[in-house]
Amino acid sequence: MEKGKGRLFMKNILLLILICGVTLIVSGCWDRVEVNDLAIVTAAAIDKKDDNQIELSLQVFIPKALSGGGSEGGGGMSGGGAVTMVASHKGSNISDALSKLQSEFPRRVFWGHCKVFIFGEKLAKAGIQEHLDFLLRHPQPRERAYVYVSEGKAKPILELLAPLERYSAEGLRELSDLHIGMKVTLQDLDEKLIGIVQAAALPIVDIHPPGKGQEKLQGEPYIAGTAVFKKDKMIGNLTEKETRGILWIRNEIEAYTVTFKPGAEKGEISINPIKASVKLVPEIRNKKWIMVVKIDTEGTIIQNGTNLNLSSPKSIKVVEKAFEKEIEKRIELAFQQTQQELKTDILGFGEEFSRKYPDKWKKNKGRWNEIFPEIELETEIKAHIRRQGYITKPGGMPEKEVKEQ
Amino acid sequence: MEKGKISALQMAIMMYPTIVATAILGVPSITAKYAQNDLWLAPIFASFIGYVTVYIAYKLHKLYPKQSVIQFSEYIIGRFLGKILGFLYLFFYIQVTGEIIREYAEFIVDSFLVRTPISVIMASMAFLCAFIVYGGIEVIARAAQLFFPLFVFPILILIILVLPDFEFKNIFPILADGIWPPMKGAIVPGGWFTEFFMIIFLLPFIKDRKKGMKYGMITAFAVMMTLVVVNLVVLFVFGPATASKVYPLMNVARYISIAEFFEHFESVVMAIWIVGTFIKISVFYYVTALSTAQWLNLSDYRPIVWPIGILLVVFCFWSIPNTLEIERFNIGVFPLYGFIVQTIIPLLLVVMAVFRKRKSKETV
Amino acid sequence: MRWGVFVSTTIIVVLIILYEWPKMKQNPKKDKVAFFTLLLIGLVLSMFDLSHMAGPTTWLETLFKPFGEFMEK
């Protein structure tokens with residue numbers, strides 16, 4: 001009997017030790033980090049310095065500013081001043097700069113919410129591969145973060161106090177979501193650079209100068225074209241207009257207006273394309289490499305500056321024709337630029353060819369840089385105008401001046 | 001030794017996470033290295049090894065319905081050789097289980113608990129599994145049943161959520177370099193499929209024995225389908241970048257973003273992974289403990305469950321200095337090693353056993 | 001020899017013995033011998049710097065070298 005009791009006691013003691021041990025392990029306290037020990041990075045900019053070093057700038061959230069401003073309600077947030085601060089440090093690469101930055105920072109840098117990475121122009125021209133490696137290897141930065149190249153230095157963009165958004169990076173991200181320019185995530189960039197054509201395009205960010213009477217930092221960042229990368233180095237750029245052509249081919253067209261002159265008429269018509277389906281059909285005819293771009297698009301008229309009566313089917317036909325011409329022009333302009341000037345396949349034509357003609361692609365893989373400038377572009381564009389808005393005839397125009405076709 | 005009984009369906013539910021849990025995480029990128037955009041074909045080829053292994057295991061089981069490979073190999077090739085072969089199996093399962101625990105812990109340390117000592121993660125998993133193995137096969141089967149939905153549904157939800165990011169044309173061109181690259185890519189998942197041989201340890205405890213074969217085949221098919229789907233998902237999302245990721249499915253989960261609201265899903269993958277590997281390690285642990293006990297002719301396997309736990313953790317470290325070593329083992333050793341131990345040797349055993357039975361019949 | 005690992009393994013081994021021993025009083029002698037032998041093997045192995053020591057994985061890699069090289073490409 002005594003013995004049994006002793007054993008029970010022993011067992012209980014053992015269980016107690018066990019439970020204590022388990023609580024230590026199971027709660028996962030080893031890696032516990034409190035939110036108020038974190039410095040949440042909202043955007044990062046990487047610039048090249050002259051002495052073979054880089055400068056890493058982080059836009060960090062100031063939680064105090066947010067909670068204080070929020071409780072006042074209304075305009076408290078933007079009026080209360082910046083909700084972010086910018087900290088930067090030099091280093092031989094990102095991790096080096098980061099560790100130096102961290103040593104001056106009371107909180108631990110946390111990348112998990114960083115959705116914007118901006119490479120300075122100089123750095124982009126020198127090559128971004130080694131920096132990309134850090135961003136893809138580190139477990140915290142998100143593959144979905146957007147990547148940009150800045151016109152000039154990247155740091156000033158982070159320092160802006162964007163008046164509309166809470167902080168400038170947020171504004172940039174919203175712009176990308178609206179498909180104003182190219183929308184490229186870290187993952188897309190990696191895919192393009194690893195892929196067979198090894199060329200990529202990133203949106204360029206510039207600063208809209210502040211209006212009169214505004215403070216110097218009140219500018220807004222905006223997307224000002226496209227940077228073209230061959231391998232990991234930036235070799236040139238496309239203007240905003242050329243970027244639109246690229247967006248057409250890549251089927252990323254969303255929120256913008258096409259304004260053009262319909263045929264011989266006076267004045268211009270603006271159309272807002274709503275839907276577009278774009279197909280790239282590669283063809284090899286008589287040893288000639290041809291890319292057929294098939295576009296089927298619909299749009300709504302949003303402004304009519306001509307005297308055409310757009311409720312008549314005839315004039316709609318005219319407008320549709322002109323619309324098709326306009327798209328074609330834009331695409332050809334963009335293609336011309338990438339093919340002849342930059343000689344870089346950022347449109348991914350190589351991939352399309354390799355998908356359709358794997359055998360021929362294998363034979364000519366090494367010669368792609370020679371083939372690409374020779375490719376012919378054919379367009380098959382079908383444009384439809386579906387709606388004409390709230391009025392039929394040109395607004396504010398006397399009946400007899402309207403041209404009935 | 002083991003008095004528990006399970007049903008054939010329970011066996012299937014145990015085996016499915018046992019194969020899939022580790023296969024969905026690291027294997028797609030290994031396959032992509034060899035097969036590029038044909039990686040989704042690899043599991044289809046690899047699954048043939050699975051079907052063959054299930055068939056062999058079932059044949060052996062029919063010849064010796066009450067015993068596991070450790071016991072009947074003594075009848076087939078004699079006591080001495082049988083013991084040697086038994087030790088080979090023992091060693092194989094201890095070592096592979098150690099490897100799996102290490103792989104599990106490395107993933108957790110790599111992506112989530114960066115500063116936690118790895119031995120703590122391993123020890124806590126081994127500790128948990130020791131309890132369930134101690135409980136016996138019925139307990140493992142019930143746990144597997146309980147966790148099965150937790151393992152399968154998150155995968156399905158994950159796939160649905162990542163649908164908007166699919167780039168379907170990444171799949172083309174199909175078989176651009178011929179059939180060879182996906183065949184070579186099938187070698188590594190083939191190693192995983194050989195693990196189906198472990199049903200030989202479970203079959204003796206099955207109530208509805210006739211269904212053993214059927215459910216084994218169904219499981220192999222389900223594993224194949226899962227791997228094909230996971231490989232396709234990874235390919236559709238990452239295209240040529242698949243091969244450069246260590247845990248592609250993890251990156252897929254991180255990539256999910258629906259309306260800027262449903263984001264940061266990696267904890268789901270972690271949950272799948274932990275639940276799946278928990279079952280996987282339990283089954284391997286159980287097989288290890290059981291075969292050790294059978295090899296030593298013990299009266300029960302339970303007393304040695306805890307000592308084996310220590311051995312398993314020891315094997316987690318032994319001669320594995322880093323994650324690269326695990327990957328090298330998984331690519332350069334395990335496919336062939338597993339194939340020889342779990343498919344070729346059993347095949348020889350079947351041939352010999354059939355030959356022996358016929359001979360003994362003739363003499364009678 | 002790393003004392004921290006060895007000491008913690010020893011503590012775990014002692015705990016296991018305390019936990020398991022009362023239950024296996026009735027078991028045959030063979031079971032007890034196996035129990036202690038396995039514990040001893042684990043304890044002895046824990047004394048070494050295992051992760052940098054040649055072991056099963058390295059042996060197997062040498063054994064399967066041709067296959068490993070085949071898969072390297």
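Residues numbered from 1 in each chain as written. Chains lettered and ligands numbered in written order. Predicted model: local features only at pLDDT ≥ 70, side-chain atom pairs only at ≥ 80, totals over all residues. Heavy atoms only, no water.

1. Some details on the overall build of chain A
Here's step 1: A count of helices and strands for chain A gives 14 helices and 13 strands.
Here's step 2: For 405 residues, the compact-globule formula gives about 22 Å, and the C-alpha radius of gyration of chain A, at 28 Å, lies well above that figure.
Here's step 3: Reported as C-alpha extents along the three principal axes, the dimensions of chain A are approximately 110 × 65 × 60 Å.
Here's step 4: Out of the 405 residues belonging to chain A, those deemed buried represent 46%.
Here's step 5: Taking contacts inside chain A between residues at least 6 apart in sequence as the whole, the part at least 24 apart equals 71%.
Here's step 6: Looking at chain A as shown, the accessible area adds up to about 20700 Å², and 52% of this sits on carbon and sulfur atoms.
Here's step 7: Placing the 60 positive and 55 negative side-chain charges of chain A at their respective mean positions leaves the two points 4 Å apart. (Helix = DSSP H or I, 4+ residues; strand = E, 2+ residues; numbered from the N terminus. Rg over C-alpha atoms; globule rule 2.2 N^0.38 Å. Buried < 20%, exposed > 50% of the residue type's maximum accessible area, 1.4 Å probe, protein only. Contact = heavy atoms within 4.5 Å. Areas by Shrake-Rupley, 256 points an atom, 1.4 Å probe, with all protein chains shown as cover. Lys, Arg positive; Asp, Glu negative; His and termini not counted. Charge placed at Lys NZ, Arg CZ, Asp CG, Glu CD.)

2. A short note on the interface of chain C and chain B
Here's step 1: At the interface, 37 residues of chain C touch 41 residues of chain B.
Here's step 2: For chain C, the biggest contributors to the area lost against chain B are C:Leu38, C:Glu61 and C:Met71; these three give 18% of the whole.
Here's step 3: For the pair chain C and chain B, the number of links is one salt bridge.
Here's step 4: B:Arg328 is the partner of C:Glu61 in a salt bridge, and the nearest nitrogen-oxygen pair spans 3.0 Å. (Buried area = accessible area lost by both parts, 1.4 Å probe. Salt bridge = Lys/Arg side-chain N within 4 Å of Asp/Glu carboxyl O.)

3. Regarding a positive patch on the surface
All names here are of chain B.
Here's step 1: Taken together, Lys5, Lys59, Lys62, Lys66, Arg209 and Lys210 make up a surface patch of like positive charges.
Here's step 2: With respect to the helices, strands and loops of the structure, Lys210 is situated in the loop between α8 (199-202) and α9 (212-238).
Here's step 3: Judged by relative accessible area, which is 78%, Lys210 ranks as exposed. (Patch = residues over 30% accessible without salt bridge, like charges linked within 9 Å, V, L, I, M, F, W, Y side chains within 5 Å.)

4. Some thoughts on the interface of chain B and chain A
Here's step 1: Listed per partner, the contact involves 33 residues of chain B and 33 residues of chain A.
Here's step 2: Around 2700 Å² of area is buried between chain B and chain A when both sides are counted, 47% of it from carbon and sulfur atoms.
Here's step 3: A per-residue breakdown of the area chain B buries against chain A is headed by B:Arg115, B:Arg254 and B:Tyr255, which together make up 25% of the total.
Here's step 4: Our count for the chain B to chain A interface comes out at four salt bridges.
Here's step 5: With a closest N to O distance of 2.9 Å, A:Arg144 and B:Asp165 form a salt bridge.
Here's step 6: At the surface where chain B touches chain A, the tally comes to eleven residue pairs in polar contact (both at pLDDT 80 or more).
Here's step 7: Of the residues belonging to the side of chain B that touches chain A, the class tally is 15 nonpolar, eight polar and ten charged. (Polar contact = N/O pair within 3.5 Å; in protein donor to acceptor, adjacent residues only side chain to side chain. Nonpolar A, V, L, I, M, F, W, Y, C, P; charged D, E, K, R; others polar.)

5. A short note on the side chain of A:Glu55
All names here are of chain A.
Here's step 1: Take Glu55: it is sitting in strand β2 (residues 54-61).
Here's step 2: Taking relative accessible area as the criterion, Glu55 reaches 9% and is therefore assigned buried.
Here's step 3: Each residue touching Glu55, except ones within four places of it in the same chain, is listed here: Ala45, Ile46, Asp47, Lys49, Ser88, His89, Lys90, Lys153 and Lys155.

6. Some points on unusual backbone geometry
All names here are of chain A.
Here's step 1: In the Ramachandran plot, Lys231 falls in the positive-phi region, its phi being about 50° despite a non-glycine side chain.
Here's step 2: Looking at the secondary structure, you find Lys231 in the loop between β8 (220-230) and β9 (233-238).
Here's step 3: What makes Lys231 exposed here is its relative accessible area of 51%.
Here's step 4: A positive phi is found at Lys287, a non-glycine position, where the angle reads about 65°.
Here's step 5: Within the secondary structure layout, Lys287 lies in the loop between β11 (269-285) and β12 (288-304).

7. Regarding the confidence of the model for chain A
Here's step 1: Summary statistics for chain A give a mean pLDDT of 80 and a share of 91% for residues scoring 70 or more.
Here's step 2: For the stretch residues 69-80 of chain A, pLDDT sits under 50, and the model shows five contacts to residues farther than four places along the chain or on other chains. (pLDDT = per-residue confidence, 0-100.)

8. Details of the pairing of strand β1 (residues 38-48) of chain A
Residue and element names in this part refer to chain A.
Here's step 1: For β1, a buried count of nine out of eleven residues is recorded, marking the element as mostly surrounded by other parts of the structure.
Here's step 2: Bridge count between β1 and strand β4 (residues 108-110): three bridges; the pairing is parallel. Paired with Ala39 across the strands is Val109, a residue of β4.
Here's step 3: Note: β1 against β2, seven bridges, orientation antiparallel. Its bridge partner being in β2, Ala44 is matched across the sheet by Leu58.
Here's step 4: Linking β1 to β2, which pair antiparallel, is a turn of five residues; within it Asn52 sits at a positive phi near 60°.
Here's step 5: Across four bridges, β1 lies against strand β5 (residues 116-119) in parallel orientation. (Pairing = 2+ DSSP bridges.)

9. A word on the packing of helix α4 (residues 79-111) of chain B against helix α13 (residues 323-332) of chain B
Packed helix pairs are characterised by how far apart their axes lie and by the angle those axes make with each other.
All names here are of chain B.
Here's step 1: Viewed as axis vectors pointing N to C, α4 and α13 meet at an angle of 130°, and their least axial separation amounts to 11 Å. By the angle between their axes, α4 is oblique relative to α13. For the pair α4 and α13, the sense of crossing is left-handed. From α4, Gln95, Glu99, Arg102, Glu103 and Glu106 reach across to α13, where they touch Thr323, Ile326, Phe329 and Asn330.
Here's step 2: Of the residues that constitute the contact of α4 with α13, the class distribution is two nonpolar, three polar and four charged. (Axes fitted to C-alpha atoms, helices over the stretch in contact; angles between N-to-C directions. Parallel < 35°, antiparallel > 145°, perpendicular 65-115°, else oblique. Left-handed = near helix turned anticlockwise from the far one by under 90°.)

10. Details of helix α4 (residues 65-72) of chain C
An α-helical turn contains 3.6 residues, so any two residues separated by three or four positions project in the same direction.
Residues and elements named next belong to chain C.
Here's step 1: All of the buried residues along α4 are Phe67, Gly68 and Met71. Along α4, the residues classed as buried sweep out an arc of 100° about the axis, all on the same side. In α4, those exposed residues whose orientation departs by more than 90 degrees from the buried face are Pro66 and Glu72. (Arc of directions from axis to C-beta.)

11. Quick look at helix α8 (residues 168-177) of chain A
Residue and element names in this part refer to chain A.
Here's step 1: When you tally the buried positions in α8, you get eight out of ten residues, the bulk of the element.
Here's step 2: Within the sequence span of α8, burial applies to Ser168, Ala169, Glu170, Gly171, Leu172, Arg173, Leu175 and Ser176.
Here's step 3: Positive phi appears at His179, one or two residues downstream of α8, with a value of about 60°.

12. A short note on the sheet that holds strand β10 (residues 258-260) of chain A
All names here are of chain A.
Here's step 1: Judged by pairing direction, the sheet is mixed, and its four strands sit side by side in the order β10-β11-β12-β13 without closing on themselves. Two strands in the sheet have a free side with no partner beyond their single neighbour: β10 and β13 (376-387). Strand-to-strand, the axes of this sheet are offset by a mean angle of 40°, without reference to chain direction.
Here's step 2: Looking at chain direction, β11 and β12 are connected through 16 bridges and run antiparallel. Each residue of the ladder has a partner; that of Ile269, found in β12, is Asn304.
Here's step 3: This element, helix α10 (residues 240-249), spans β10, β11 and β12 of the sheet and lies at about 65° to β11.
Here's step 4: Together, β11, β12 and β13 form the strand contacts of helix α12 (residues 349-356), whose direction differs from that of β11 by roughly 50°.

13. With respect to the domain arrangement of chain A
Residue and element names in this part refer to chain A.
Here's step 1: Here chain A is described as being made up of domain 1 (36-70 + 77-238) and domain 2 (239-405).
Here's step 2: Here the C-alpha centroids of domain 1 and domain 2 sit 32 Å apart.
Here's step 3: In this complex, domain 1 contributes 25 residues to the contact, which on the side of domain 2 involves 23 residues.
Here's step 4: Overall, the association of domain 1 and domain 2 removes approximately 1900 Å² of surface from exposure, summing both partners, and the carbon and sulfur fraction of that is 64%.
Here's step 5: In terms of surface lost to domain 2, no three residues of domain 1 exceed His179, Val197 and Leu238, which account for 32% of the buried area on that side.
Here's step 6: The interface formed by domain 1 and domain 2 includes zero salt bridges.
Here's step 7: Seen at the junction of domain 1 and domain 2, the total is two residue pairs in polar contact (both at pLDDT 80 or more).
Here's step 8: The element best represented in the side of domain 1 that touches domain 2 is β8, accounting for eight residues. (Domains from an automatic or database assignment.)

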